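# Analysis of the macromolecular model
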Amino acid sequence: MTSITRQEFLVKHGLDESRIPGHIAIIMDGNGRWAGKKLWNRLKGHYEGADSVDRITSFCRKAGIKYLTLYAFSTENWNRPGDEVSGLMNLLREFLDKKRSALLDNNIRFNTIGSNDRFPPDILKKIEDLRRDTAANDPVMTLTLALSYGSRPEIVETVRKISAMAVSGTVKIEEIDESLISSNLYTNDIPDPDLIIRTSGELRISNFLLWQIAYSEFYFTDVLWPDFKEDDMVRALKDYAGRERRFGKTTEQIRKKESK
Ligand code: IPE
Ligand code: IPE
Ligand code: MG
């Protein structure tokens, strides 16, 4: 099989290179309902959802998207029934083992955001190993999994860190600005998302990247995550390509800058 260039890949899907987002973040929702419709166990839906992760990561890699962030498990998801939580932990273990070679072969850096407090030590070790090894492998794309992630706990942790710096005199109060806050969040080494996608028809953010999405574009679809295919991604990207991001300015100001 001959591989095609990024350019050819984008043309094939009718996508304009200049309108491709640098960072896409996805709230992967609807696994449970997908399984429920088939009268299957919810866990089966999570396993199918993991196949969507493969498909969409591969698509984004070919499309030249530099950052893909996937909301996989929220702090609130720890409150789900014990068998679902332990099933998800096993799925994560398998993912970390099985995806290693594909991530290395494709120069994808594996990254995580969230709190490490509640994961079993074997999972933490797998995460650390994969983070380290993929970072050292000339990465061209960063895949971030939000695991045990909540935006409010992230902000609380950041406030504590910066407060400690202020108390110890490492920073002055007047030096606390947006960039200092950004650089002390879990996402310190990734840019803010350009596009947020949520599947399964829910129109909410569920504690995801509250600080980082100040100027992100939103795309909601009724498609359940296990059913989310390349075509759905193309639809989201075409929708994004038609947006005008004004960042508070006027259309005239934006057009003038674009035509320069
Ligand atoms: C998203 O699917 C995956 C996780 C939150 C772990 P859900 O499990 O929330 O699926 P629904 O929303 O119940 O259908
Ligand atoms: C958000 O989905 C978290 C993830 C996709 C991992 P949920 O299904 O947990 O969100 P709510 O509870 O419906 O808001
Ligand atoms: Mg859900």
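Structure: above.
For the structure given in this document, a descriptive report is provided here. (Residues numbered from 1 in each chain as written. Chains lettered and ligands numbered in written order. Predicted model: local features only at pLDDT ≥ 70, side-chain atom pairs only at ≥ 80, totals over all residues. Heavy atoms only, no water.)

Around ligand 2 sit I27, M28, D29, Y71, A72, F73, N77, R80, R198, R204 and S206, and those are all the residues in its vicinity. The side chain of R80 places a nitrogen or oxygen atom 3.3 Å from an oxygen atom of ligand 2. The contact in question runs from an oxygen atom of ligand 2 to an N or O atom on the side chain of R198, over 3.3 Å. Relative to its free-state accessible area of 380 Å², ligand 2 is covered by the protein chains to the extent of 78%. With respect to the pocket detection grid, ligand 2 is positioned in the largest pocket. Per-element accounting of the shell around ligand 2 gives the leading share, 3 residues, to strand β2 (residues 67-74). Looking at the shell around ligand 2 residue by residue, the classes come out as 5 nonpolar, 2 polar and 4 charged. (Near = heavy atom within 4 Å. Polar contact = N/O pair within 3.5 Å; in protein donor to acceptor, adjacent residues only side chain to side chain. Areas by Shrake-Rupley, 256 points an atom, 1.4 Å probe, with all protein chains shown as cover. 1 Å grid on protein atoms, 1.4 Å probe; cavity = no way out; pocket = protein on both sides within 12 Å on 5 of 7 lines; lining within 4 Å. Sits in = over half its atoms within 2 Å of the grid points. Helix = DSSP H or I, 4+ residues; strand = E, 2+ residues; numbered from the N terminus. Nonpolar A, V, L, I, M, F, W, Y, C, P; charged D, E, K, R; others polar.)

This brings us to the site of ligand 1. Around ligand 1 sit M28, D29, G30, N31, G32, R33, R42, H46, A72, N77 and R80, and those are all the residues in its vicinity. Here R33 contributes a backbone N or O atom positioned 2.7 Å from an oxygen atom of ligand 1. The contact in question runs from an oxygen atom of ligand 1 to an N or O atom on the side chain of R80, over 2.7 Å. Residue assignment for the shell around ligand 1 shows that the elements contributing at least two residues are α2 (31-37) and α3 (42-63). For the shell around ligand 1, the element with the most residues is α2, which contributes 3 residues.

Tallied over the full model, the rule gives 11 aromatic pairs. When the centroid spacing of 5.1 Å and the interplanar angle of 65° are considered together, the rings of F9 and F59 count as edge-to-face. Of this pair, F9 sits in helix α1 (residues 6-12) while F59 sits in helix α3; the two residues are 50 residues apart in sequence, bridging distant segments of the chain. Both residues of the pair, F9 and F59, count as buried. Taking 6.1 Å as the distance between ring centres and 20° as the angle between the ring planes, the aromatic pair formed by F218 and F220 counts as stacked. (Phe/Tyr/Trp six-rings, centres within 6.5 Å; stacked < 30°, edge-to-face > 60°. Buried < 20%, exposed > 50% of the residue type's maximum accessible area, 1.4 Å probe, protein only.)

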